[in-house]
Amino acid sequence: MSKKKPEFPSLVEQGKNLAKSVKDVAKNAIQGKAIVAPFEVAKKRLKICRECAYYYKSASGDERQDRCSACGCMIAVKTNMAPSECPKGKWGKIGRAHV
């Protein structure tokens, strides 16, 4: 877990990451697949993130503001979305063998 503020991807890269996430969620919705990860999966993903070197804990102390410095995403949101995956390959979309 990083204590000081890390360097996040550029705003353009963060925008691309957000657009991909929205596209993946929409695709799942259209196909009738899960949008939200089951509680136990989200909990496991969050644990993995919190132990990762790319985890940035917000100075505000609000866990909803904690971010991944690899992709710039808000971890509380990303870990709960079924089609999301770790940019470093530590966990994957629902249905993949490693999560």
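Placed above this text is the structure.
Computed from a predicted model, the values in this text were never measured in an experiment.

What counts and how
- Residues numbered from 1 in each chain as written.
- Predicted model: local features only at pLDDT ≥ 70, side-chain atom pairs only at ≥ 80, totals over all residues.
- Heavy atoms only, no water.
- Helix = DSSP H or I, 4+ residues; strand = E, 2+ residues; numbered from the N terminus.
- Buried < 20%, exposed > 50% of the residue type's maximum accessible area, 1.4 Å probe, protein only.
- Lys, Arg positive; Asp, Glu negative; His and termini not counted.
- Salt bridge = Lys/Arg side-chain N within 4 Å of Asp/Glu carboxyl O.
- Contact = heavy atoms within 4.5 Å.
- Phe/Tyr/Trp six-rings, centres within 6.5 Å; stacked < 30°, edge-to-face > 60°.
- Lys NZ or Arg CZ within 6 Å of the ring centre and 35° of its normal.

A separate point is the side chain of lysine 78. Residue position: lysine 78 is located in helix α3 (residues 75-78). Salt bridges are absent for the buried lysine 78, whose nearest opposite-charge side chain, glutamate 85, sits at 7.8 Å. Apart from the residues within four sequence positions on either side, lysine 78 is in contact with Arg45, Cys71, Cys73, Ser84, Glu85, Pro87 and Trp91.

This part covers the pattern of salt bridges. Tallied over the full model, the rule gives eight salt bridges. A salt bridge links arginine 50 to glutamate 63; its shortest N-O distance comes to 3.1 Å. With a gap of 13 residues between them, arginine 50 in helix α2 (residues 39-50) and glutamate 63 in the loop between β1 (55-56) and β2 (67-68) connect regions that are remote in the sequence. What emerges from the salt-bridge pattern is a single network uniting Lys20, Lys23, Asp24 and Glu85.

So, on to the packing of aromatic side chains. Think of a pair of aromatic rings as described by two things: how far the centres are apart, and how the planes are tilted against each other in angle. For the coordinates displayed, the defined rule picks out one aromatic pair. With a centroid separation of 5.7 Å and an interplanar angle of 85°, the aromatic rings of phenylalanine 8 and tyrosine 56 are classed as edge-to-face. Here phenylalanine 8 is found in the segment before α1 (11-30), whereas its partner tyrosine 56 is found in strand β1, with 48 residues between them in sequence. Assigned by exposure class, phenylalanine 8 and tyrosine 56 land together as buried. Above the ring of phenylalanine 8, the side-chain terminus of arginine 67 is found at 3.9 Å from the ring centroid.

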